[in-house]
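Below are the chains, spelled out letter by letter.
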Amino acid sequence: MEIIQYAGEHSTLYMAGRLMIVLAFTASLLSAFSYIFSVYNTSEVSWIKIGRWAYGFHALSVIGIFGLLYYIIYNHYFEFYYAWFHSSTTMPMRYIFACLWEGQEGSFLLWIFWQVVLALFVMRRGGEWESPVMAVIMLVQVFLSSMVLGLWIGDFHIGSNPFILLREHPDMQNMPFAQMPDYLKKITDGRGLNPLLQNYWMTIHPPTLFLGFASTVVPFAFALAGLIKGKVSEWIRPALPYTFFGVMILGTGILMGAAWAYEALSFGGFWAWDPVENSSLVPWIIFVGAAHLMLIVRKTGTAILTTLILTVASFILVLYSTFLTRSGILGDSSVHAFTDLGMQGQLVVYMAFFTVLAIVLILINRKNIPATKEEEAFSSREFWMFIGSLVLVISAVQITATTDRKSTRLNSSHVSESRMPSSA
């Protein structure tokens, strides 16, 4: 079969993008295992150094991927599917950045980037907690980085690569232009950003929301680190600042999304109709409950098990929300859901791995988790904070249980008219 020599393609950028993605994934894997080894080999400080260096290569690779993808979009290199699908030459420059996170791949990269930033603070200020906490965070980075690998192992698809060429994309590779060496001369413009997404909220809402999503991993990592080290309550003090930061940022991002949906879609309400909006609200509710229980544990030493469960649940529910949004399950019932890019199985493995890991660590430490011996006084602040957290949990359960039922009542014709592939 004759090999077609395509003219005008930026093959150097293509190779550089793929190389940096592989490097980001490999470095995160090396960093995770190095930190894991450092937890159980305290005399071998070299493992910590390797973990830090690998983190550095991972961080530089992630920044390089973002910079290269922006360069491709900015210069309208439409031989790249991501640039063609999400941008156009007629689009105002203020939305060029928004093109970065409109697609699934770009939003995963945004999530990875924010976790890189948060991990830097943990690494610099973690002290004795650095090794176990960074081990968990970098394991999460391994799974997130795999979402943009774009590899095929037999019939199994691992991630979706943002640097795939237009002619290589499964939806395009059988079209006539893919057999033309000079096909780029015929592609003068891209598909462009969805008109509903050409809104100022698109430039500020997704970065804020994904910073909130990323922030849930730090308390989760501290909780697992406490279980790994057998310090079932000591992890709460260093985790508290990150927890309340996450509550603030994630709450702000959700409010931005609510205002955007109200303004752009004009449904007259925020949460009553869209299951994806509900699925982003539930982790925040649990996160708020966990934050207040942490205050109780720090003051009285009670409710440790409940605090662990809510802290773990807030992160797992973020993963569950991601699964609902990106697996295609809500494709017919939400204007915010992505279509399925073959990541459904991968997302299930991602969610199941950390769920099982947390459950196993809690079970191993169940004898070290003190039971509450004395009940708080009815008039105490801690008692009412606990009741407030319980109310939040009940409300989260109620929202989760009724989301699917509400989604089935969504007018399908309204969905087809208003569908937008949101980053949230």
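Above this text sits the structure in question.
Residues numbered from 1 in each chain as written. Predicted model: local features only at pLDDT ≥ 70, side-chain atom pairs only at ≥ 80, totals over all residues. Heavy atoms only, no water.

## Structural notes on the packing of aromatic side chains
Step number 1: Tallied over the full model, the rule gives 26 aromatic pairs.
Step number 2: Summarising the aromatic geometry, the rings of Phe 143 and Phe 353 are spaced 5.1 Å apart at their centres and angled 35° between planes, so their arrangement reads as tilted. Within this pair, whereas Phe 143 is found in helix H6 (residues 130-146), its partner Phe 353 is found in helix H12 (residues 344-364), the two being separated by 210 residues in sequence.
Step number 3: The class of Phe 143 is buried, set by a relative accessible area of 16%.
Step number 4: By relative accessible area, Phe 353 is classed as partly exposed at 35%.
Step number 5: Cluster of aromatic residues (ring-pair linked, three or more members): Phe 143, Phe 220, Phe 315, Tyr 350, Phe 353 and Phe 354.
Step number 6: In this structure, Arg 191 is placed above the aromatic ring of Phe 85, and the distance from its NZ or CZ to the ring centre is 4.1 Å.
Step number 7: One residue, Lys 231, lies across the ring of Trp 129, its end atom 5.9 Å from the ring centre. (Phe/Tyr/Trp six-rings, centres within 6.5 Å; stacked < 30°, edge-to-face > 60°. Helix = DSSP H or I, 4+ residues; strand = E, 2+ residues; numbered from the N terminus. Buried < 20%, exposed > 50% of the residue type's maximum accessible area, 1.4 Å probe, protein only. Lys NZ or Arg CZ within 6 Å of the ring centre and 35° of its normal.)

## Quick notes on the pattern of salt bridges
Step number 1: All chains considered together, the criterion is met by four salt bridges.
Step number 2: Measuring nitrogen to oxygen at the nearest pair gives 3.9 Å for the salt bridge that ties Arg 18 to Glu 168. Of this pair, Arg 18 sits in helix H1 (residues 11-40) while Glu 168 is found in the loop between strand S2 (156-158) and helix H7 (200-215), placing the two residues 150 residues apart along the sequence.
Step number 3: For Arg 18, a relative accessible area of 24% translates into the label partly exposed. (Salt bridge = Lys/Arg side-chain N within 4 Å of Asp/Glu carboxyl O.)

## Considerations on the nonpolar core
Nonpolar side chains in soluble globular proteins generally cluster together in the buried interior.
Step number 1: Core analysis: the biggest nonpolar cluster contains 103 residues, and Trp 111, Trp 235, Phe 315, Tyr 350 and Phe 354 have the highest contact counts within it.
Step number 2: No other element matches H6, which puts eleven residues into this core.
Step number 3: Setting aside residues up to four positions removed in sequence, Trp 235 forms contacts with Trp 129, Pro 219, Phe 222, Ala 223, Gly 226, Met 294, Thr 307, Leu 308 and Thr 311.
Step number 4: The next biggest cluster of nonpolar side chains, apart from the first, holds ten residues, and it includes Phe 78, Ile 164, Tyr 183 and Ile 187. (Core = buried A, V, L, I, M, F, W, Y, C linked by side-chain atoms within 4.5 Å. Contact = heavy atoms within 4.5 Å.)

## As for a nonpolar patch on the surface
Step number 1: A surface patch of nonpolar side chains, about 240 Å² in accessible area, is lined by Leu 29, Phe 33 and Phe 37.
Step number 2: Checked against the element boundaries, Phe 37 lands in helix H1.
Step number 3: Residue class for Phe 37 comes out partly exposed when judged on its relative accessible area of 37%. (Patch = residues over 30% accessible without salt bridge, like charges linked within 9 Å, V, L, I, M, F, W, Y side chains within 5 Å. Areas by Shrake-Rupley, 256 points an atom, 1.4 Å probe, with all protein chains shown as cover.)

## A word on H7
Step number 1: Given a rise of 1.5 Å per residue, 16 residues ought to cover 22 Å, and the 24 Å separating the end C-alpha atoms of H7 matches this to within 8%.
Step number 2: The buried fraction of H7 amounts to 13 of the 16 residues, a majority that puts the element mostly inside the structure. (Expected span 1.5 Å × (residues − 1).)

## A word on the packing of H7 against helix H8 (residues 217-229)
Step number 1: The geometry of H7 relative to H8 is characterised by a closest axis approach of 5 Å and an angle of 5° between their N-to-C directions. Compared by their axis directions, H7 and H8 come out roughly parallel. Taking contact as the criterion, the partners of Phe 213, Ala 214 and Ser 215 in H7 are, on H8, Val 217, Val 218 and Pro 219.
Step number 2: In terms of residue class, the contact of H7 with H8 is made up of five nonpolar, one polar and no charged. (Axes fitted to C-alpha atoms, helices over the stretch in contact; angles between N-to-C directions. Parallel < 35°, antiparallel > 145°, perpendicular 65-115°, else oblique. Nonpolar A, V, L, I, M, F, W, Y, C, P; charged D, E, K, R; others polar.)

## Some details on the packing of helix H5 (residues 104-125) against H6
Step number 1: In the contact formed by H5 and H6, the axes pass within 10 Å of each other and the chain directions differ by 170°. With respect to H6, the element H5 is oriented roughly antiparallel. Counting all contacts with H5, which are made through Phe 108, Trp 111, Ile 112, Gln 115, Val 116, Ala 119, Val 122 and Met 123, the residues of H6 involved are Glu 130, Val 133, Met 134, Ile 137, Val 140, Gln 141, Leu 144 and Ser 145.
Step number 2: The class makeup of the residues in the contact of H5 with H6 is twelve nonpolar, three polar and one charged.

## Quick word on unusual backbone geometry
Step number 1: Backbone geometry places His 76, a non-glycine residue, at a positive phi of 55°.
Step number 2: Classification of His 76 by relative accessible area gives partly exposed; the value is 25%.

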